[in-house]
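So the chains spell out like this:
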Amino acid sequence: MIDRKENAPAAEPERQYYFIEKVKEYVQRESGRLGRPLTANITTFGCQMNARDSEKLSGILREAGYEETGREDADFVIYNTCTVRENANLRVYGRLGVLHGYKRKNPHMKIALCGCMMQEATVVDKLQKSYRFVDLIFGTHNIFKFAELLYTTLMSDRMIIDIWKDTDQIVEDLPVERKYPFKSGVNIMFGCNNFCSYCIVPYVRGRERSRDPKDILREMESLVADGVKEIMLLGQNVNSYGKNLEEPMTFAQLLAEAEKIEGLERIRFMTSHPKDLSDELIEVMARSKKICRHLHLPLQSGSSRILKVMNRHYTKEQYLELAEKIRKAMPDLALTTDIIVGFPGETEEDFLETLDVVRQVRYDSAFTFIYSKRTGTPAAVMEDQIPEDVVKDRFDRLLKEVQEISKEMALRFAGTVQTVLVEEKNSQMEGYVTGRLGNNHVVHFPGGEELIGQLLKVRLDECRGFYYMGTAEE
Ligand code: 5AD
Ligand code: SF4
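Here is what the cut-offs are and how they apply
- Residues numbered from 1 in each chain as written.
- Chains lettered and ligands numbered in written order.
- Predicted model: local features only at pLDDT ≥ 70, side-chain atom pairs only at ≥ 80, totals over all residues.
- Heavy atoms only, no water.
- Pairing = 2+ DSSP bridges.
- Helix = DSSP H or I, 4+ residues; strand = E, 2+ residues; numbered from the N terminus.
- Near = heavy atom within 4 Å.
- Polar contact = N/O pair within 3.5 Å; in protein donor to acceptor, adjacent residues only side chain to side chain.
- Areas by Shrake-Rupley, 256 points an atom, 1.4 Å probe, with all protein chains shown as cover.
- Salt bridge = Lys/Arg side-chain N within 4 Å of Asp/Glu carboxyl O.
- Buried < 20%, exposed > 50% of the residue type's maximum accessible area, 1.4 Å probe, protein only.

Undergrad: Explain the pairing of strand β18 (residues 455-463) residue by residue, including any values.
TA: Sheet analysis places strand β15 (residues 417-425) next to β18, joined by five bridges and oriented antiparallel. Across the sheet, Gln 418 pairs through a bridge with Val 458, a residue of β18. The pairing of β18 with strand β19 (residues 467-472) spans five bridges and is antiparallel. Bridging from a neighbouring strand, Arg 459 pairs with Thr 471 of β19. Between β18 and β19, which pair antiparallel in sequence order, lie three residues; one of them, Gly 465, sits at a positive phi of approximately 80 degrees.

Undergrad: Describe in detail the pairing of β15, supporting the description with residues and values.
TA: Alignment of β15 against strand β16 (residues 432-437), held across five bridges, turns out to be antiparallel. If you follow Lys 425 over to β16, its bridge partner there is Val 433.

Undergrad: Residues and numbers for the site of ligand 1, please.
TA: Every residue close to ligand 1 is listed here: Val 84, Arg 85, Tyr 198, Gln 300, Asp 338, Ile 340, Phe 369, Ile 370, Tyr 371, Ser 372 and Arg 374. Within the contact set of ligand 1, an oxygen atom lies 2.6 Å away from a side-chain nitrogen or oxygen of Gln 300. Computed on the free molecule, ligand 1 has an accessible area of 400 Å², of which 86% lies beneath the protein chains in the complex. Among the secondary structure elements, those contributing two or more residues to the shell around ligand 1 are β13 (334-341) and β14 (365-370).

Undergrad: How would you summarise the pattern of salt bridges if you had to cite specific residues and measurements?
TA: Going through the model one piece at a time under the given rule, you end up with 47 salt bridges. For Glu 55, the salt bridge identified is with Arg 52, shortest N-O distance 2.7 Å. Remark: Arg 52 and Glu 55 occur in helix α2 (residues 48-63); sequence separation between them is three residues, near one turn of the helix. Like Arg 52, Glu 55 is buried. Arg 412 is the partner of Asp 364 in a salt bridge, and the nearest nitrogen-oxygen pair spans 2.8 Å. Highlighted residues: Asp 364 in the loop between α12 (348-361) and β14 and Arg 412 in the loop between α13 (388-411) and β15, separated in sequence by 48 residues. Judged by its relative accessible area of 3%, Asp 364 is buried.

Right, dumping it as C-alpha coordinates:
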(Lines give C-alpha, C1' and ligand atoms only; values in the text may rest on other atoms or scores of the structure.)
(Ligands and ions follow the chains in the order given, each with its own letter.)
Protein backbone atom coordinates (compact mmCIF):
# COMPACT_ATOMS: atom_id res chain seq x y z
CA MET A 1 0.00 0.00 0.00
CA ILE A 2 1.25 3.50 -0.82
CA ASP A 3 1.28 5.95 2.04
CA ARG A 4 0.02 9.19 0.48
CA LYS A 5 0.82 11.39 3.45
CA GLU A 6 2.78 13.78 1.26
CA ASN A 7 -0.47 14.78 -0.45
CA ALA A 8 -2.15 15.69 2.79
CA PRO A 9 -3.04 19.37 3.27
CA ALA A 10 -0.93 21.14 5.90
CA ALA A 11 -3.78 23.24 7.33
CA GLU A 12 -6.20 22.03 10.01
CA PRO A 13 -8.90 20.83 10.09
CA GLU A 14 -8.57 20.07 6.32
CA ARG A 15 -5.68 17.74 7.03
CA GLN A 16 -7.81 15.62 9.36
CA TYR A 17 -10.67 15.44 6.86
CA TYR A 18 -8.16 14.16 4.34
CA PHE A 19 -7.16 11.35 6.71
CA ILE A 20 -10.76 10.54 7.55
CA GLU A 21 -11.20 9.83 3.83
CA LYS A 22 -8.10 7.65 3.84
CA VAL A 23 -9.38 5.64 6.80
CA LYS A 24 -12.76 5.37 5.10
CA GLU A 25 -11.14 3.76 2.04
CA TYR A 26 -9.43 1.26 4.34
CA VAL A 27 -12.65 0.51 6.26
CA GLN A 28 -14.58 -0.09 3.03
CA ARG A 29 -11.88 -2.35 1.67
CA GLU A 30 -11.61 -4.38 4.86
CA SER A 31 -15.32 -4.77 5.43
CA GLY A 32 -15.67 -5.87 1.80
CA ARG A 33 -13.02 -8.49 2.37
CA LEU A 34 -14.52 -9.69 5.66
CA GLY A 35 -18.14 -9.40 4.52
CA ARG A 36 -19.16 -7.45 7.63
CA PRO A 37 -18.88 -3.90 8.96
CA LEU A 38 -15.79 -2.91 10.96
CA THR A 39 -16.61 -2.12 14.57
CA ALA A 40 -15.18 0.35 17.06
CA ASN A 41 -15.51 0.67 20.80
CA ILE A 42 -14.71 3.67 23.03
CA THR A 43 -14.36 3.51 26.81
CA THR A 44 -14.21 6.79 28.69
CA PHE A 45 -12.71 7.22 32.15
CA GLY A 46 -12.93 10.37 34.24
CA CYS A 47 -14.60 13.73 33.88
CA GLN A 48 -16.99 15.59 31.56
CA MET A 49 -14.06 16.90 29.52
CA ASN A 50 -13.06 13.35 28.69
CA ALA A 51 -16.67 12.51 27.87
CA ARG A 52 -16.71 15.40 25.40
CA ASP A 53 -13.34 14.33 23.94
CA SER A 54 -14.76 10.84 23.41
CA GLU A 55 -17.63 12.33 21.40
CA LYS A 56 -14.97 13.82 19.14
CA LEU A 57 -13.27 10.42 18.76
CA SER A 58 -16.65 8.90 18.05
CA GLY A 59 -17.42 11.52 15.38
CA ILE A 60 -14.25 10.67 13.50
CA LEU A 61 -14.71 6.91 13.76
CA ARG A 62 -18.27 7.14 12.45
CA GLU A 63 -17.34 9.50 9.66
CA ALA A 64 -14.67 6.99 8.65
CA GLY A 65 -17.27 4.23 8.42
CA TYR A 66 -16.78 2.31 11.66
CA GLU A 67 -19.87 0.99 13.36
CA GLU A 68 -19.83 1.72 17.08
CA THR A 69 -20.45 -1.23 19.37
CA GLY A 70 -20.71 -1.79 23.10
CA ARG A 71 -18.51 -4.86 22.76
CA GLU A 72 -14.85 -4.67 23.63
CA ASP A 73 -13.78 -7.32 21.13
CA ALA A 74 -14.23 -4.76 18.36
CA ASP A 75 -11.87 -4.14 15.42
CA PHE A 76 -10.76 -0.86 16.93
CA VAL A 77 -10.80 -0.28 20.68
CA ILE A 78 -9.80 2.95 22.37
CA TYR A 79 -9.57 3.89 26.06
CA ASN A 80 -9.77 7.58 26.83
CA THR A 81 -8.00 7.57 30.18
CA CYS A 82 -7.97 9.64 33.38
CA THR A 83 -5.13 9.97 35.87
CA VAL A 84 -6.54 12.28 38.51
CA ARG A 85 -6.35 9.48 41.08
CA GLU A 86 -4.20 6.35 41.11
CA ASN A 87 -7.10 3.87 40.94
CA ALA A 88 -8.15 5.25 37.55
CA ASN A 89 -4.72 4.15 36.25
CA LEU A 90 -4.96 0.73 37.87
CA ARG A 91 -8.30 0.08 36.19
CA VAL A 92 -6.78 0.75 32.78
CA TYR A 93 -3.93 -1.72 33.30
CA GLY A 94 -6.39 -4.34 34.54
CA ARG A 95 -8.65 -3.99 31.52
CA LEU A 96 -5.75 -4.00 29.07
CA GLY A 97 -5.10 -7.59 30.10
CA VAL A 98 -8.62 -8.51 28.97
CA LEU A 99 -8.14 -6.68 25.66
CA HIS A 100 -4.95 -8.66 25.04
CA GLY A 101 -7.04 -11.83 25.20
CA TYR A 102 -9.39 -10.50 22.49
CA LYS A 103 -6.49 -9.47 20.34
CA ARG A 104 -5.02 -12.97 20.41
CA LYS A 105 -8.27 -14.19 18.83
CA ASN A 106 -8.46 -11.32 16.33
CA PRO A 107 -4.93 -10.29 15.31
CA HIS A 108 -6.31 -7.48 13.12
CA MET A 109 -7.69 -5.77 16.18
CA LYS A 110 -6.11 -2.38 16.93
CA ILE A 111 -5.87 -1.09 20.49
CA ALA A 112 -5.42 2.62 21.22
CA LEU A 113 -4.93 4.62 24.41
CA CYS A 114 -5.32 8.37 24.81
CA GLY A 115 -6.18 10.96 27.46
CA CYS A 116 -4.58 12.30 30.59
CA MET A 117 -2.79 9.15 31.73
CA MET A 118 -0.77 9.09 28.50
CA GLN A 119 0.77 12.47 29.33
CA GLU A 120 2.80 10.78 32.07
CA ALA A 121 6.19 9.55 30.92
CA THR A 122 6.22 6.68 33.45
CA VAL A 123 2.97 5.34 32.03
CA VAL A 124 4.21 5.39 28.44
CA ASP A 125 7.47 3.70 29.51
CA LYS A 126 5.53 0.94 31.21
CA LEU A 127 3.26 0.45 28.19
CA GLN A 128 6.26 0.30 25.87
CA LYS A 129 7.93 -2.32 28.03
CA SER A 130 5.10 -4.53 29.17
CA TYR A 131 2.12 -3.86 26.89
CA ARG A 132 3.60 -4.29 23.43
CA PHE A 133 0.21 -5.28 21.99
CA VAL A 134 -1.02 -1.68 22.24
CA ASP A 135 -0.99 -0.12 18.74
CA LEU A 136 -1.49 3.58 19.32
CA ILE A 137 -0.76 5.96 22.19
CA PHE A 138 -1.47 9.68 22.07
CA GLY A 139 -2.17 12.40 24.62
CA THR A 140 -4.50 15.26 25.40
CA HIS A 141 -2.86 17.99 23.30
CA ASN A 142 -3.01 16.29 19.92
CA ILE A 143 -6.42 14.62 20.11
CA PHE A 144 -7.42 16.75 17.09
CA LYS A 145 -4.92 14.64 15.12
CA PHE A 146 -6.80 11.42 15.85
CA ALA A 147 -7.79 10.75 12.21
CA GLU A 148 -4.18 11.04 11.07
CA LEU A 149 -2.87 8.88 13.92
CA LEU A 150 -5.55 6.29 13.27
CA TYR A 151 -4.57 6.10 9.61
CA THR A 152 -0.88 5.77 10.46
CA THR A 153 -1.71 2.98 12.90
CA LEU A 154 -3.83 1.08 10.40
CA MET A 155 -1.00 1.24 7.86
CA SER A 156 1.68 0.09 10.31
CA ASP A 157 2.60 -2.90 12.45
CA ARG A 158 4.57 -0.85 14.92
CA MET A 159 3.42 0.78 18.12
CA ILE A 160 2.68 4.43 17.25
CA ILE A 161 3.36 6.90 20.04
CA ASP A 162 2.68 10.62 19.72
CA ILE A 163 2.67 12.65 22.91
CA TRP A 164 2.99 16.44 22.99
CA LYS A 165 4.24 18.24 26.08
CA ASP A 166 1.92 21.20 25.56
CA THR A 167 0.17 23.17 22.85
CA ASP A 168 -1.42 26.51 22.19
CA GLN A 169 -3.29 25.14 19.20
CA ILE A 170 -7.09 24.83 19.26
CA VAL A 171 -8.49 23.12 16.15
CA GLU A 172 -12.12 23.92 15.39
CA ASP A 173 -14.76 22.22 13.25
CA LEU A 174 -13.92 18.53 13.47
CA PRO A 175 -16.78 16.02 13.39
CA VAL A 176 -18.47 15.16 16.69
CA GLU A 177 -20.93 12.37 17.45
CA ARG A 178 -23.03 13.24 20.47
CA LYS A 179 -24.04 10.62 22.99
CA TYR A 180 -27.38 12.37 23.55
CA PRO A 181 -29.21 14.17 20.74
CA PHE A 182 -30.75 16.70 23.16
CA LYS A 183 -27.80 17.71 25.33
CA SER A 184 -24.15 18.39 24.80
CA GLY A 185 -20.97 19.65 26.40
CA VAL A 186 -19.07 22.53 24.83
CA ASN A 187 -15.45 23.22 25.73
CA ILE A 188 -14.84 26.85 26.54
CA MET A 189 -11.28 26.45 27.75
CA PHE A 190 -8.58 23.84 28.04
CA GLY A 191 -5.94 23.27 30.71
CA CYS A 192 -5.45 24.73 34.15
CA ASN A 193 -3.03 27.24 35.67
CA ASN A 194 -3.85 26.74 39.32
CA PHE A 195 -1.43 24.06 40.39
CA CYS A 196 -3.31 22.90 43.45
CA SER A 197 -0.54 20.98 45.15
CA TYR A 198 -2.26 17.54 45.00
CA CYS A 199 -3.44 17.80 41.42
CA ILE A 200 -1.90 16.36 38.28
CA VAL A 201 -4.28 18.10 35.86
CA PRO A 202 -2.08 21.14 35.11
CA TYR A 203 0.74 18.75 34.16
CA VAL A 204 -1.34 16.57 31.85
CA ARG A 205 -3.74 19.15 30.40
CA GLY A 206 -1.27 21.99 30.08
CA ARG A 207 -1.70 25.74 30.49
CA GLU A 208 -5.03 27.49 30.42
CA ARG A 209 -6.27 28.41 26.93
CA SER A 210 -9.69 29.96 26.30
CA ARG A 211 -11.55 29.42 23.08
CA ASP A 212 -12.63 32.45 21.12
CA PRO A 213 -16.17 33.41 22.26
CA LYS A 214 -17.30 33.61 18.62
CA ASP A 215 -16.32 29.97 18.08
CA ILE A 216 -18.08 28.90 21.28
CA LEU A 217 -21.30 30.73 20.45
CA ARG A 218 -21.25 29.48 16.86
CA GLU A 219 -20.87 25.91 18.10
CA MET A 220 -23.71 26.42 20.58
CA GLU A 221 -25.97 27.83 17.89
CA SER A 222 -25.32 24.96 15.54
CA LEU A 223 -25.96 22.44 18.34
CA VAL A 224 -29.29 24.12 19.09
CA ALA A 225 -30.18 24.05 15.38
CA ASP A 226 -29.44 20.32 15.56
CA GLY A 227 -31.93 19.74 18.39
CA VAL A 228 -29.84 20.36 21.51
CA LYS A 229 -31.78 21.88 24.40
CA GLU A 230 -29.18 21.77 27.17
CA ILE A 231 -25.53 22.76 26.93
CA MET A 232 -22.86 22.31 29.56
CA LEU A 233 -19.93 24.71 29.22
CA LEU A 234 -16.78 22.86 30.14
CA GLY A 235 -13.47 23.95 31.62
CA GLN A 236 -11.23 23.02 34.55
CA ASN A 237 -11.82 26.46 35.97
CA VAL A 238 -14.55 28.23 34.03
CA ASN A 239 -14.43 31.26 36.30
CA SER A 240 -11.14 32.34 34.85
CA TYR A 241 -12.44 32.06 31.28
CA GLY A 242 -11.34 34.75 28.86
CA LYS A 243 -8.41 36.17 30.79
CA ASN A 244 -5.88 35.21 28.12
CA LEU A 245 -7.95 36.21 25.09
CA GLU A 246 -6.79 39.00 22.81
CA GLU A 247 -9.93 40.85 23.77
CA PRO A 248 -10.46 39.70 27.35
CA MET A 249 -13.95 38.73 28.39
CA THR A 250 -15.35 37.37 31.65
CA PHE A 251 -17.17 34.08 32.08
CA ALA A 252 -20.25 36.00 33.22
CA GLN A 253 -20.20 37.96 29.95
CA LEU A 254 -19.95 34.75 27.97
CA LEU A 255 -22.93 33.35 29.86
CA ALA A 256 -24.93 36.49 29.17
CA GLU A 257 -24.23 36.04 25.43
CA ALA A 258 -25.15 32.35 25.57
CA GLU A 259 -28.44 33.25 27.24
CA LYS A 260 -29.48 35.09 24.06
CA ILE A 261 -29.33 31.98 21.88
CA GLU A 262 -32.86 31.31 20.77
CA GLY A 263 -34.06 27.76 21.26
CA LEU A 264 -31.44 26.98 23.89
CA GLU A 265 -33.36 26.05 27.02
CA ARG A 266 -30.75 25.18 29.61
CA ILE A 267 -27.17 26.19 30.31
CA ARG A 268 -24.90 24.43 32.77
CA PHE A 269 -21.22 24.79 33.51
CA MET A 270 -18.43 22.90 35.22
CA THR A 271 -16.14 23.47 37.18
CA SER A 272 -15.93 26.61 39.29
CA HIS A 273 -13.00 27.55 41.44
CA PRO A 274 -14.13 29.41 44.58
CA LYS A 275 -11.23 31.86 44.36
CA ASP A 276 -12.44 33.20 40.99
CA LEU A 277 -16.20 33.13 41.43
CA SER A 278 -17.33 36.72 40.92
CA ASP A 279 -20.33 38.70 42.12
CA GLU A 280 -20.97 39.41 38.45
CA LEU A 281 -21.44 35.67 37.86
CA ILE A 282 -23.86 35.35 40.77
CA GLU A 283 -25.87 38.29 39.38
CA VAL A 284 -25.98 36.87 35.85
CA MET A 285 -27.06 33.48 37.22
CA ALA A 286 -29.73 34.92 39.48
CA ARG A 287 -31.20 36.95 36.60
CA SER A 288 -31.02 34.15 34.07
CA LYS A 289 -33.94 32.07 32.89
CA LYS A 290 -31.70 29.46 31.29
CA ILE A 291 -28.74 28.91 33.59
CA CYS A 292 -29.52 25.91 35.76
CA ARG A 293 -29.80 26.35 39.48
CA HIS A 294 -26.78 24.23 40.20
CA LEU A 295 -23.30 25.21 41.20
CA HIS A 296 -20.44 22.81 41.69
CA LEU A 297 -18.02 24.53 44.02
CA PRO A 298 -15.14 22.27 45.08
CA LEU A 299 -14.18 22.81 48.72
CA GLN A 300 -11.34 20.22 48.92
CA SER A 301 -10.77 20.96 52.62
CA GLY A 302 -12.43 23.02 55.34
CA SER A 303 -9.16 23.79 57.12
CA SER A 304 -7.59 27.13 56.20
CA ARG A 305 -4.19 25.70 57.06
CA ILE A 306 -4.60 22.75 54.68
CA LEU A 307 -6.15 24.96 52.00
CA LYS A 308 -3.00 27.04 52.08
CA VAL A 309 -0.77 24.02 51.60
CA MET A 310 -3.12 22.84 48.86
CA ASN A 311 -2.50 26.20 47.14
CA ARG A 312 -6.22 26.91 46.86
CA HIS A 313 -6.06 30.67 47.55
CA TYR A 314 -9.07 30.90 49.87
CA THR A 315 -9.72 30.35 53.56
CA LYS A 316 -12.51 28.48 55.30
CA GLU A 317 -14.15 31.80 56.17
CA GLN A 318 -13.98 33.12 52.61
CA TYR A 319 -15.52 29.93 51.29
CA LEU A 320 -18.34 30.04 53.83
CA GLU A 321 -19.03 33.65 53.01
CA LEU A 322 -19.19 32.85 49.30
CA ALA A 323 -21.52 29.89 49.85
CA GLU A 324 -23.81 32.06 51.94
CA LYS A 325 -23.87 34.79 49.30
CA ILE A 326 -24.84 32.24 46.66
CA ARG A 327 -27.56 30.64 48.78
CA LYS A 328 -29.01 34.05 49.57
CA ALA A 329 -29.08 35.12 45.92
CA MET A 330 -30.59 31.79 44.77
CA PRO A 331 -32.26 29.88 47.61
CA ASP A 332 -33.44 27.11 45.26
CA LEU A 333 -29.96 26.45 43.88
CA ALA A 334 -28.27 23.10 44.52
CA LEU A 335 -24.74 23.48 45.79
CA THR A 336 -22.42 20.52 45.26
CA THR A 337 -18.75 20.00 45.99
CA ASP A 338 -15.59 17.88 45.92
CA ILE A 339 -13.74 17.06 49.13
CA ILE A 340 -10.41 15.32 49.65
CA VAL A 341 -9.63 13.50 52.89
CA GLY A 342 -6.19 12.49 54.03
CA PHE A 343 -4.14 15.22 52.38
CA PRO A 344 -0.57 15.09 53.78
CA GLY A 345 -0.38 16.58 57.26
CA GLU A 346 -4.18 16.61 57.78
CA THR A 347 -4.83 16.38 61.52
CA GLU A 348 -8.05 15.39 63.27
CA GLU A 349 -8.61 19.11 63.92
CA ASP A 350 -8.23 19.90 60.22
CA PHE A 351 -10.68 17.15 59.39
CA LEU A 352 -13.18 18.50 61.93
CA GLU A 353 -12.97 21.86 60.13
CA THR A 354 -14.00 20.07 56.92
CA LEU A 355 -16.95 18.45 58.71
CA ASP A 356 -17.87 21.85 60.08
CA VAL A 357 -18.05 23.39 56.60
CA VAL A 358 -20.13 20.45 55.38
CA ARG A 359 -22.58 21.04 58.24
CA GLN A 360 -22.74 24.77 57.69
CA VAL A 361 -23.05 24.79 53.89
CA ARG A 362 -25.31 21.73 53.76
CA TYR A 363 -24.38 20.49 50.30
CA ASP A 364 -27.04 19.02 48.07
CA SER A 365 -24.44 16.44 47.22
CA ALA A 366 -20.70 16.00 47.57
CA PHE A 367 -18.07 13.84 45.91
CA THR A 368 -15.65 12.64 48.54
CA PHE A 369 -12.20 11.40 47.62
CA ILE A 370 -9.39 9.74 49.47
CA TYR A 371 -6.19 11.65 48.79
CA SER A 372 -4.20 9.92 46.07
CA LYS A 373 -0.50 10.57 45.70
CA ARG A 374 0.30 11.76 42.16
CA THR A 375 3.96 11.58 41.25
CA GLY A 376 5.29 14.93 40.10
CA THR A 377 2.93 17.04 42.22
CA PRO A 378 4.28 18.98 45.24
CA ALA A 379 2.04 17.08 47.68
CA ALA A 380 3.51 13.73 46.66
CA VAL A 381 6.80 14.58 48.38
CA MET A 382 5.31 16.26 51.43
CA GLU A 383 6.15 14.71 54.75
CA ASP A 384 3.51 13.24 56.98
CA GLN A 385 1.44 11.24 54.50
CA ILE A 386 -1.56 9.97 56.49
CA PRO A 387 -1.85 6.27 57.37
CA GLU A 388 -4.51 4.36 55.48
CA ASP A 389 -6.62 3.38 58.50
CA VAL A 390 -6.86 6.98 59.71
CA VAL A 391 -7.91 8.17 56.26
CA LYS A 392 -10.48 5.40 55.91
CA ASP A 393 -12.02 6.31 59.27
CA ARG A 394 -12.27 9.99 58.31
CA PHE A 395 -13.62 9.12 54.90
CA ASP A 396 -16.41 7.00 56.39
CA ARG A 397 -17.36 9.69 58.88
CA LEU A 398 -17.42 12.33 56.15
CA LEU A 399 -19.47 10.19 53.79
CA LYS A 400 -22.07 9.48 56.46
CA GLU A 401 -22.44 13.18 57.22
CA VAL A 402 -22.60 14.16 53.56
CA GLN A 403 -25.24 11.53 52.78
CA GLU A 404 -27.47 12.44 55.69
CA ILE A 405 -27.40 16.09 54.73
CA SER A 406 -28.06 15.38 51.03
CA LYS A 407 -31.12 13.37 51.94
CA GLU A 408 -32.46 16.16 54.11
CA MET A 409 -31.70 18.72 51.42
CA ALA A 410 -33.50 16.70 48.75
CA LEU A 411 -36.65 16.71 50.89
CA ARG A 412 -37.02 20.44 50.41
CA PHE A 413 -38.11 19.94 46.79
CA ALA A 414 -40.52 17.04 47.47
CA GLY A 415 -44.10 17.94 46.51
CA THR A 416 -43.04 20.73 44.13
CA VAL A 417 -43.52 20.82 40.37
CA GLN A 418 -40.28 21.20 38.41
CA THR A 419 -39.19 21.41 34.81
CA VAL A 420 -37.47 18.20 33.84
CA LEU A 421 -35.46 17.23 30.76
CA VAL A 422 -36.30 13.60 29.98
CA GLU A 423 -33.02 11.77 29.37
CA GLU A 424 -33.67 8.07 29.03
CA LYS A 425 -35.91 5.07 29.44
CA ASN A 426 -35.68 3.73 32.96
CA SER A 427 -33.65 0.55 32.87
CA GLN A 428 -35.07 -0.84 36.13
CA MET A 429 -38.77 -0.03 35.85
CA GLU A 430 -40.79 -0.92 32.77
CA GLY A 431 -42.93 1.99 31.54
CA TYR A 432 -40.87 4.65 33.35
CA VAL A 433 -38.51 7.33 32.10
CA THR A 434 -35.79 9.26 33.90
CA GLY A 435 -35.35 13.01 33.76
CA ARG A 436 -33.11 15.64 35.26
CA LEU A 437 -34.10 18.79 37.11
CA GLY A 438 -32.24 22.05 36.59
CA ASN A 439 -30.60 21.51 39.97
CA ASN A 440 -29.22 18.20 38.67
CA HIS A 441 -31.48 15.94 40.75
CA VAL A 442 -32.98 12.93 39.01
CA VAL A 443 -36.65 11.93 38.87
CA HIS A 444 -38.26 8.73 37.62
CA PHE A 445 -41.85 8.88 36.39
CA PRO A 446 -44.28 6.91 34.24
CA GLY A 447 -43.87 7.63 30.54
CA GLY A 448 -42.73 6.28 27.21
CA GLU A 449 -39.66 6.59 25.06
CA GLU A 450 -41.28 9.31 22.94
CA LEU A 451 -40.75 11.75 25.84
CA ILE A 452 -36.96 11.53 25.63
CA GLY A 453 -35.45 14.93 24.87
CA GLN A 454 -38.55 16.85 25.97
CA LEU A 455 -38.82 19.40 28.75
CA LEU A 456 -41.82 18.60 30.92
CA LYS A 457 -43.39 19.76 34.14
CA VAL A 458 -43.14 16.94 36.64
CA ARG A 459 -44.52 16.74 40.17
CA LEU A 460 -41.99 15.31 42.62
CA ASP A 461 -44.31 13.03 44.59
CA GLU A 462 -41.80 11.28 46.74
CA CYS A 463 -38.17 11.79 47.68
CA ARG A 464 -36.23 8.56 47.98
CA GLY A 465 -32.93 9.83 49.30
CA PHE A 466 -30.96 10.73 46.22
CA TYR A 467 -33.74 10.70 43.66
CA TYR A 468 -37.45 11.37 43.28
CA MET A 469 -40.47 9.46 42.04
CA GLY A 470 -42.87 11.73 40.19
CA THR A 471 -45.72 12.21 37.76
CA ALA A 472 -45.81 14.36 34.65
CA GLU A 473 -48.37 17.16 34.83
CA GLU A 474 -50.99 16.54 32.09
N1 5AD B 1 -6.33 12.83 45.22
C2 5AD B 1 -7.66 12.79 45.49
N3 5AD B 1 -8.55 13.55 44.87
C4 5AD B 1 -8.10 14.39 43.91
N5 5AD B 1 -8.76 15.26 43.12
C6 5AD B 1 -7.85 15.87 42.32
N7 5AD B 1 -6.62 15.40 42.58
C8 5AD B 1 -6.75 14.49 43.57
C9 5AD B 1 -5.84 13.66 44.28
N10 5AD B 1 -4.53 13.70 44.04
C11 5AD B 1 -10.18 15.51 43.21
C12 5AD B 1 -10.48 16.95 43.56
C13 5AD B 1 -11.04 17.51 42.29
C14 5AD B 1 -11.69 16.29 41.69
C15 5AD B 1 -11.96 16.38 40.24
O16 5AD B 1 -10.78 15.25 41.96
O17 5AD B 1 -11.44 16.96 44.58
O18 5AD B 1 -11.95 18.55 42.50
FE1 SF4 C 1 -6.62 20.46 39.62
FE2 SF4 C 1 -6.88 22.67 41.09
FE3 SF4 C 1 -6.78 22.86 38.38
FE4 SF4 C 1 -8.93 21.78 39.56
S5 SF4 C 1 -8.23 23.91 39.79
S6 SF4 C 1 -7.82 20.97 37.78
S7 SF4 C 1 -8.06 20.74 41.35
S8 SF4 C 1 -5.14 22.16 39.75
